[in-house]
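# Observations on chain architecture
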Amino acid sequence: MDTKKKKKKISPYMVFSTIVIILLAIAFAFPLYWILTGSFKTQISINSTTPEWWPSEWVMTNYDKLFSRQKSPLWEFAVPFSSHFSADGKDIIWWAGPQVPAAVRWLINTVFMAVASMILTCITSAMAGYALAKKRFVGRSILFTLIVCAMALPKQVILIPLLREMSSLQLYNTIWAVIFPIVGWPFGVFLMKQFSEGIPGEMLEAARIDGASEAKTFVRIALPMIKPGIGALAIFTFINSWNDYFMQLIMLSSTSKLTISLGIAKLQAENSTDYGLIMAGAALAAVPIIIVFLAFQKYFTKGITMGAVKG
Amino acid sequence: MKKQVSAILAASMAASMLVACGGSTSSAATSTATAESTSTASSEAAPAESTADAGQAADITLWTYPIGKWGDSESVDALLADFNAQYPDIHVTVEYLDYTNGDDQVNTAIEGGSAPDIVMEGPERLVANWGAKGLMADLSDLWTDDQKADISASVEAACKDSSGAYYEFPLCMTAHCMAINKTVFEAAGAMQYVDAENHTWTTDNFLKAVQAVYDSGKTDVGAIYCSGQGGDQGTRAIINNMYGGTFTDAAHTKYTADSAENVKAIETLYNQDGINFDASINGGEEITLFRNGTLQMAFCWNIAQQTNADNSAAGTTNSGDDILFMAFPTESGDPALCGGIWGFGVFDNGDENKIAASKTFINFMANSDETAKAVKTSTYFSVKNSLSDLYKDDEVMNEYQKLMPYLGDYYQVTPGWAEARTAWWNMLQQVGQGTDVTTAVTEFCNTANAAASAS
Amino acid sequence: MAHTAVAKKQSEPKMSRALVRQETIAGYLFLLPSLIFFIGFVIYPMVMCIFTSFFDSSMNRADVFIGLQNYVELFHDSVFLGALRNTLIIVVVSVPITCIFSLWVASAIVNMPPWATSLFRVIFYLPVVTGSVAVTVVWKWMFNNYYGIFNYLGKSMGLLDQNINWLGDTRYALACIILILLTTSVGQPIVLYVSALGNVDQSLVEAAEVDGATKLQAFWKIKWPQIMPTTLYILVITTINSFQCFALIQLLTSGGPNHSTDTIMYYIYYTAFKLYRYGYGNAMGVILAIMIAVLSAVQFKVTRSD
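Being a predicted model, the structure only gives us computed values, none of them experimental.

About the criteria used
Residues numbered from 1 in each chain as written. Chains lettered and ligands numbered in written order. Predicted model: local features only at pLDDT ≥ 70, side-chain atom pairs only at ≥ 80, totals over all residues. Helix = DSSP H or I, 4+ residues; strand = E, 2+ residues; numbered from the N terminus. Rg over C-alpha atoms; globule rule 2.2 N^0.38 Å. Buried ≥ 20, exposed ≤ 12 C-beta atoms within 10 Å, placed from the backbone. Contact = placed C-beta atoms within 7 Å. UniProt positions renumbered as here; feature names shortened; annotations may be inferred. Nonpolar A, V, L, I, M, F, W, Y, C, P; charged D, E, K, R; others polar. Pairing = 2+ DSSP bridges. Domains from an automatic or database assignment. Axes fitted to C-alpha atoms, helices over the stretch in contact; angles between N-to-C directions. Parallel < 35°, antiparallel > 145°, perpendicular 65-115°, else oblique. Left-handed = near helix turned anticlockwise from the far one by under 90°. Expected span 1.5 Å × (residues − 1). Core = buried A, V, L, I, M, F, W, Y, C linked by C-beta atoms within 7 Å. pLDDT = per-residue confidence, 0-100.

## Structural notes on the overall build of chain C
Check the secondary structure of chain C and you find 14 helices and 2 strands. Expected size for 306 residues packed as a compact globule is a radius of gyration near 19 Å; at 25 Å, chain C overshoots this value by more than 25%. Principal-axis analysis of the C-alpha atoms gives chain C an extent of 75 × 60 × 30 Å. A buried classification covers 46% of the 306 residues belonging to chain C. In chain C, the share of contacts with a sequence separation of at least 24, taken over all contacts with a separation of at least 6, comes to 69%.

## Section: the UniProt feature "domain: ABC transmembrane type-1" (unreviewed entry) in chain A
This chain's UniProt record puts "domain: ABC transmembrane type-1" (unreviewed entry) on residues 107-296 of chain A. Summarising residues 107-296 of chain A: 76% helix, 0% strand, and an end-to-end C-alpha distance of 19 Å.

## Focus on the UniProt feature "domain: ABC transmembrane type-1" (unreviewed entry) in chain C
This chain's UniProt record puts "domain: ABC transmembrane type-1" (unreviewed entry) on residues 84-299 of chain C. Across residues 84-299 of chain C, helical content stands at 75% and strand content at 0%; the span's end C-alpha atoms are separated by 20 Å.

## As for the interface of chain C and chain B
Of the residues lining the interface, 16 residues belong to chain C; the matching set on chain B comes to 22 residues. Counted by class, the side of chain C that touches chain B contains 6 nonpolar, 9 polar and 1 charged residues.

## Structural notes on the pairing of strand 4 (residues 169-175) of chain B
The side chains of a regular strand alternate, first on one face of the sheet and then on the other. All names here are of chain B. Most of strand 4 sits out of view: 7 of its 7 residues are buried. Of the strand pairs in this sheet, strand 4 and strand 10 (residues 339-346) are connected by 6 bridges, and their pairing is antiparallel. Across the sheet, the residue bridging to cysteine 172 is tryptophan 342, located in strand 10. As paired elements, strand 4 and strand 11 (residues 381-382) share 2 bridges and run antiparallel to each other. Note that in strand 11 the partner of methionine 173 across the bridge is phenylalanine 381.

## Details of the environment of Thr174(B)
Residue and element names in this part refer to chain B. One can find threonine 174 in strand 4. Distance from threonine 174 to tryptophan 342, taken between C-alpha atoms, is 8.9 Å for residues 168 residues apart in sequence. Every residue in contact with threonine 174, bar those within four places of it in the chain, is listed here: Asn302, Ile303, Gly340, Tyr380 and Phe381.

## With respect to the domain arrangement of chain C
One frequent convention defines the size of an interface as the accessible area lost when the parts assemble. Domain annotation of chain C identifies domain 1 (2-52) and domain 2 (73-305). Taking only C-alpha atoms into account, the centre of domain 1 of chain C sits 36 Å from that of domain 2 of chain C.

## Regarding the sheet that holds strand 9 (residues 323-326) of chain B
Residues and elements named next belong to chain B. Reading across the sheet, the 3 strands line up as 8-5-9 and stay open at both edges, with antiparallel pairing between neighbours. Edge positions in the open sheet fall to strand 8 (297-301) and strand 9, since each of these has one partner strand only. Adjacent strand axes in the sheet meet at a mean angle of 30°, parallel and antiparallel pairs treated alike. The sheet contact formed by strand 5 (residues 177-181) and strand 8 spans 3 bridges and is antiparallel. Following the sheet pairing, cysteine 177 is matched in strand 8 by tryptophan 301. On the sheet, helix 9 (residues 232-242) packs against strand 5 and strand 8 and is oriented at approximately 115° with respect to strand 8. Its contacts with the sheet put helix 11 (residues 283-291) on strand 5 and strand 8, and the angle it makes with strand 8 is roughly 140°.

## Description of unusual backbone geometry
With a phi angle near 55°, Gln170(A) is a residue other than glycine that sits in the positive phi range. Along the chain, Gln170(A) turns up in the loop between helix 7 (159-168) and helix 8 (176-184). Of note in the backbone geometry, Thr379(B) takes a positive phi value of approximately 60° without being a glycine. On the basis of neighbour counts, which here come to 22 C-beta atoms within 10 Å, the residue Thr379(B) falls in the buried class.

## Side note on the interface of chain A and chain C
Between chain A and chain C, the residue contacts involve 78 residues of the former and 80 residues of the latter. Among the residues making up the side of chain A that touches chain C, the classes are represented as 52 nonpolar, 18 polar and 8 charged.

## Structural notes on the packing of helix 5 (residues 102-134) of chain A against helix 2 (residues 17-52) of chain C
A pair of packed helices is captured by two measures, namely the crossing angle of their axes and the spacing between those axes. With their axes 8 Å apart at the nearest point, helix 5 of chain A and helix 2 of chain C run at an angle of 135° to one another. If you check the angle between helix 5 of chain A and helix 2 of chain C, you find them oblique. Handedness of the crossing formed by helix 5 of chain A with helix 2 of chain C: left-handed. Touching Ile123(A), Thr124(A), Ser125(A), Met127(A), Ala128(A), Tyr130(A) and Ala131(A) of helix 5 of chain A are Gly27(C), Phe30(C), Leu31(C), Pro33(C), Ser34(C) and Phe37(C), all from helix 2 of chain C. Taken together, the residues of the contact of helix 5 of chain A with helix 2 of chain C sort by class into 9 nonpolar, 4 polar and no charged.

## Focus: the UniProt feature "transmembrane region" (unreviewed entry) in chain C
All names here are of chain C. In the UniProt entry, the feature "transmembrane region" (unreviewed entry) is given for residues 25-55, 88-110, 122-142, 172-194, 231-252 and 278-298. End C-alpha to end C-alpha, residues 25-55 measures 39 Å, and it is 90% helix and 3% strand. Between the end C-alpha atoms of residues 122-142 the distance is 23 Å, and the span holds 95% helix and 0% strand.

## Brief notes about helix 13 (residues 352-366) of chain B
Taking 1.5 Å per residue, 15 residues should reach 21 Å; helix 13 of chain B reaches 21 Å between its end C-alpha atoms and fits that length. Turning to helix 13 of chain B, its buried residues number three or more, namely Lys354(B), Ile355(B), Ala357(B), Ser358(B), Thr360(B), Phe361(B), Ile362(B), Met365(B) and Ala366(B).

## Quick notes on the sheet that holds strand 1 (residues 58-64) of chain B
All names here are of chain B. With mixed pairing, the 6 strands of this open sheet are ordered in space as 2-1-3-10-4-11. In this open sheet, the two strands that pair with only one neighbour each are strand 2 (90-96) and strand 11. Bridge count for strand 3 (residues 118-121) against strand 10 is 4 bridges, and the pairing is antiparallel. Residue isoleucine 118 lies in a different strand from strand 10, and its bridge partner there is valine 346. Along the sheet, helix 14 (residues 371-378) makes contact with strand 4, strand 10 and strand 11, crossing strand 4 at roughly 40°.

## Some words on the nonpolar core
Of all hydrophobic cores here, the largest spans 182 residues; its most connected members are Ile264(A), Ala282(A), Ala134(C) and Val138(C). Broken down by element, the residue count for this core peaks at 21 residues, all from helix 5 of chain A. Look past the residues within four positions of Ile264(A) in its chain and what remains in contact with it is Ile278(A), Gly281(A), Ala282(A), Ala285(A), Val133(C), Ala134(C) and Val137(C). Formed by 137 residues, the second largest nonpolar core is a distinct cluster that contains Tyr96(B), Leu135(B), Leu295(B) and Val437(B).

## A word on the UniProt feature "transmembrane region" (unreviewed entry) in chain A
All names here are of chain A. When the UniProt feature table is mapped onto this chain, "transmembrane region" (unreviewed entry) is found at residues 12-36, 106-130, 142-163, 175-196, 217-239 and 277-296. Structurally, residues 12-36 comprises 100% helix and 0% strand, and the distance from its first C-alpha atom to its last is 36 Å. What you have in residues 277-296 is 95% helix and 0% strand, and the ends, taken at the C-alpha atoms, are 29 Å apart.

## So, the domain arrangement of chain A
All names here are of chain A. Taken domain by domain, chain A comprises domain 1 (2-38) and domain 2 (70-310). Each of domain 1 and domain 2 was reduced to a C-alpha centroid, and the two centroids are 35 Å apart. Between domain 1 and domain 2, the contact holds 4 residues from the first and 6 residues from the second. Its residues placed into classes, the side of domain 1 that touches domain 2 shows 3 nonpolar, 1 polar and no charged.

## Looking at the pairing of strand 1 (residues 71-78) of chain A
All names here are of chain A. Burial analysis of strand 1 places 7 of its 8 residues in the buried class, which makes it a mostly covered element. The pairing of strand 1 with strand 2 (residues 93-101) spans 7 bridges and is classified as antiparallel. When the sheet's bridge partners are listed, tryptophan 75 is paired in strand 2 with alanine 96.

## As for the confidence of the model for chain C
Summing up the model confidence of chain C, the mean pLDDT is 86 and the portion of residues at 70 or higher is 93%. For this predicted complex, the interface confidence score (ipTM) comes to 0.86, while the overall pTM stands at 0.85.

## Some details on the environment of Phe195(A)
For Phe195(A), the location among the structural elements is in helix 9 (residues 187-196). In this structure the C-alpha to C-alpha distance between Phe195(A) and Ile235(A), which are 40 residues apart in sequence, comes to 16 Å.

So this is what it looks like as structure tokens:
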């Protein structure tokens, strides 16, 4: 019904705007297109002054090169703080699997990093947000002000102290040095507080009168009510940590510990003009997350919107 | 809906954790057996102290800059296999650095408390930078009298600091030079300005040659690249050589890049058709542009580039044009080429055992039967007189020997070097944007000399 | 239900002391996991940052207390002032453009058929999910002086008569950075605006149009006030994003040419790991943190008072 009405009055402005939108959309999709096609182009076609809009010859050499670089075990997991209680003063490391190209490891590291940050952030923020919204306790407003102020703080500001701190905790060059600051970033707490405000106080009161413990009240009553918020926060944290290049740059150094973003940056520094190889790396980084995004597109948009409404 | 998404994400996380923990215990043993160079968990599997000449068991880390094939994991793995055949209890983990971010990476690692045990690079970093900051272990015991007799005094001088502590044990060396696209030069009638026999030319002829190539329609002749420090010795060498300027004083105490000779050279280059000050590329990128025919000369060149055959036959560009290596142009006819001296330095991480193991490694690579192979991996010349005939059958290497006598002062060990080279490319960027040369160079010298006197 | 709620509200100010204590303990127990991370990896480093900013601190030597000297030097450091200026330019230029652009795109696609709306929403969001590093490396190639696509297009369309060194020229480098930043930051605002515009009460708009209001008037009078909260939120996140722009600078220009694309973010990194001046870098961090805190406090006040 609505669309019918629209069809009746196609104004020149609408035609114009649709054309502009299509052109813009092409421009926005172009870098991705250029990454994907570039990764299959020959060195000669990449370095030619006349760009090949469609590869005249499709080659796998760039991917061969990418995967023939250093190898590392498929999985390696350093137990945080384990050097403090292991017998020889070294980190306890679990590792397994066949040797795979380092680029594959970067992808695995990134997935682990993003998922671990996401889960830790959701758990800690949901608890903290609930407490800030629903508990009346001393220091609550001061804490909340602190959180709001710290929210906008760029992490670069504290890079030097953070690096020294990670060094003394012996977390430097482990993925935890990237994960922990992400979890500490208080946006999640703020968001969860906004969501928790919506939990009716009388329901909590009723639970208390029924003699439910604090933990039980939280899990049984509060958690189900803020679930949509947790979903939004999860998506937020996932994207943010996936793209959080800066922390990774400072905290990670071994080839086998890099994330995919850092790995491509390293590829670029080492082979700064071998754009075919770099595009292969970029494609490897971009395609999995884009597939995830397309698969969960609806949730992504919902999550983003919900975060904004409450944020 | 939200339920589903969080459930799926949580499930995937749980799955990956399970894979992690489940797999670890069962297959750790098998992977230890393969004993590849990245292993960090294998130390407990080595209680055997029976090995005759090993003596120590240690996990050490080696970080190499891309020095010839020392930047290539396949070649290095071959060397490590030889090393482990003799010293099975010393496990070496290798990381490969690049010249764009490598320094940042080492510096963050130092600050992060995880500096590598061995770094392979030159005196400008090992001695003048980290050595001067007190981070390196003294390698005097590697410098026996035999070694000193076998290595030239100027190389030795570069490897030690003013107090006499040695922070580098050298492996290989070369002279940095420049290169021209001979085919293009011939077509442009510019070869008349070049002494192809001796690989030299005068400043005047250099400028005429550039003009001739430019006039022939190849408008991008050369680039004073300055996006970062990668390959910056090339830009310093062309500027210093043209009118006989120097980069520092002879005693290596202060920077003299603001001398009239240097200012004249920079101004001449800036005004020359066909030479761009390009702040978007570094030395490595310049080489690629030279190889693919975009640029007709490269200032960042040396024997490793000349013999590199990754993308085309050695000594030719991607399209098959001949590449001729050249000394930098001078008025006097006596160029002073920048040297590269690469070797090993050891970070003092407070663990005597690791330092000892590192020294064992260095001795094996730089002072044993393996040395010839280690040097050849670098594709440069040996620092040792006893290995001077290493490439006696190699025509290109022999031809390149013609440049070695022009090896100039190794000024890269002047105090404040790291700060000075950062200021250098900033200065070139300023000139490229039209800042007055004298102003820019004076500012450079003030910054550099301030850093020199501070350290 | 309503009755208990009122009763609770009244009783709240005079909670018994035991109850207060119980609430406090429970509150802090819930907060504990989060506080460990927040204090450990945000507050503690921030305090250390402020503390070290009063020292001359460098690699492998003892820190020397120098009072406010770092701060005094900062305001005489032309590179820092340039970086401050560049940071503000990036924020001042990119924030309004992002908002206006995404509002326009959203209003143009929101009335399209649902499949088209969702298609365009996905496309404009693509650069965000692609990841900053992957996006940056492809842009670096497209801006390449010798074989980049921009010079080719410019020349073949007759706009340029010779190659422009986009990232190597002080006149263009910062603009290029801002352009890339824009493409990676409009995705989220477009999604938000599409949803906000979709929620606008359509009957009000129609009523206004029946009353003879033009489209533009209907937009200003009816839609704009309703999407105001979304706009404020977008302003806040875009400002924070613009301040945080680092990967672009580090990978594309390293602050060059001639410091023309230095931002405070990048200059802190540069000071720490190229010049080894940790105290000085921390002083910069403190200044930046103060600026951002003030800005976000203002924005927060504005949002809440609405």
